[in-house]
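Structure assessment
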Amino acid sequence: MSVFIQQLPALLGVVVGALGSYVVVVRGDQARFRREQAARWEERRLTVYADYAQSVKKTVTVSYRVAAALGIDPHPDPLPLDEAKPLLADATTRRDPSGEALIMLGSPVVVDRARTWVMTALEMERFVREGSQDGQAWKALLEQQRAGREGYYLAVREDLGLPPGHTARWAIRAADAVPPQR
């Protein structure tokens with residue numbers, strides 16, 4: 001019995017060491033799993049955010065082109081409304097599913113900023129569908145759209161922990177700001 005008692009501290013040391021190693025390995029695996037899972041969701045959110053931005057931008061770009069055909073935007077590739085209608089319908093069809101993915105995976109702030117931006121894009125679409133030629137109202141919509149897009153990208157960067165980026169506000173030469181007279 002005295003041999004067993006002499007060996008008991010060593011045996012307890014082995015058991016405690018084995019349990020400690022097990023706990024460290026399990027905790028490390030759990031932490032790695034959580035990091036990998038967070039990275040996967042972050043990647044998915046980035047994809048959803050980019051897809052949504054592209055779908056809204058398609059509506060905006062087609063609206064620019066129609067406004068150019070109306071003579072109130074300097075876009076270099078004017079497009080009559082009749083030719084633009086299928087493009088606008090396609091943009092809406094693409095935007096709806098990406099909007100649902102955004103609602104599902106996006107942070108509340110990003111979703112709110114996305115809504116602000118898309119509402120302005122829809123207002124731009126309505127404006128050109130009505131055939132309005134109010135240059136000042138169009139200019140105000142352009143500024144509102146640019147601010148909405150900037151707010152959306154700012155919220156996306158904050159949500160994903162990205163550094164500040166470019167505002168995407170390009171300087172326009174005075175000659176480019178005035179649409180050509182037709």
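To start, this report covers the structure provided alongside it. (Residues numbered from 1 in each chain as written. Predicted model: local features only at pLDDT ≥ 70, side-chain atom pairs only at ≥ 80, totals over all residues. Heavy atoms only, no water.)

Right, let's get into the packing of helix α3 (residues 108-129) against helix α4 (residues 135-160). The relative placement of two packed helices comes down to the angle between their axes together with the axis-to-axis distance. Where α3 contacts α4, the axes come no closer than 8 Å and their chain directions differ by 160 degrees. Taken together, the axis directions place α3 and α4 in an arrangement best described as roughly antiparallel. You can see that α3 and α4 cross each other, and the crossing is left-handed. Class assignment of the residues belonging to the contact of α3 with α4 gives a composition of 16 nonpolar, five polar and four charged. (Axes fitted to C-alpha atoms, helices over the stretch in contact; angles between N-to-C directions. Helix = DSSP H or I, 4+ residues; strand = E, 2+ residues; numbered from the N terminus. Parallel < 35°, antiparallel > 145°, perpendicular 65-115°, else oblique. Left-handed = near helix turned anticlockwise from the far one by under 90°. Nonpolar A, V, L, I, M, F, W, Y, C, P; charged D, E, K, R; others polar.)

Mapped onto the secondary structure, Lys57 falls in helix α1 (residues 2-70). When the C-alpha atoms of Lys57 and Gln145 are compared, they prove to be 9.9 Å apart, with 88 residues separating the residues in sequence. Those residues within four positions of Lys57 in sequence are excluded, and the remaining contacts are Tyr64, Trp117 and Arg149. (Contact = heavy atoms within 4.5 Å.)

Take α3 next. Between the first and last C-alpha of α3 there are 31 Å, a value that for 22 residues agrees with the 32 Å anticipated at 1.5 Å per step. One or two steps after α3, the chain reaches Gly131, where phi turns positive at roughly 75 degrees. (Expected span 1.5 Å × (residues − 1).)

The next thing to look at is the environment of Ser55. Note on placement: Ser55 falls in helix α1. The buried category is assigned to Ser55, whose relative accessible area is 2%. Spatially, the C-alpha atoms of Ser55 and Ser98 are 7.6 Å apart, while their sequence positions differ by 43 residues. When neighbours within four sequence positions are excluded, Ser55 is seen to be in contact with Ala91, Arg94, Arg95 and Ser98. (Buried < 20%, exposed > 50% of the residue type's maximum accessible area, 1.4 Å probe, protein only.)

Another aspect to go through is the nonpolar core. Grouped burial of nonpolar side chains is what soluble globular proteins tend to show. Grouped together as the largest cluster of nonpolar side chains are 31 residues, with contacts concentrated most on Leu102, Trp138 and Tyr152. Within the residue set of this core, elements represented by two or more residues are α1, α2 (81-105), α3 and α4. If you tally residues by element for this core, the top one is α1, at ten residues. If we ignore the near neighbours within four places in the chain, the residues touching Trp138 are Ser63, Tyr64, Ala67, Ile72, Asp73, Met124, Phe127 and Val128. (Core = buried A, V, L, I, M, F, W, Y, C linked by side-chain atoms within 4.5 Å.)

Attention shifts here to α4. The terminal C-alpha atoms of α4, which comprises 26 residues, lie 37 Å apart, in line with the 38 Å expected from a rise of 1.5 Å per residue. For α4, the full list of buried residues reads Trp138, Leu141, Leu142, Gln145, Gly148, Arg149, Gly151, Tyr152, Ala155, Val156, Arg157 and Leu160. Where α4 terminates, the next one or two residues include Gly161, which has phi positive at roughly 70 degrees.

Enumeration according to the criterion identifies six aromatic pairs in this entry. Ring geometry for Trp117 against Tyr152: centres 5.4 Å apart, planes inclined by 35 degrees, an arrangement best described as tilted. Of this pair, Trp117 sits in helix α3 while Tyr152 sits in helix α4, and the two are 35 residues apart along the sequence. On the basis of relative accessible area, Trp117 is assigned to the buried category, the value being 0%. Tyr152 sits in the buried class, given a relative accessible area of 0%. (Phe/Tyr/Trp six-rings, centres within 6.5 Å; stacked < 30°, edge-to-face > 60°.)

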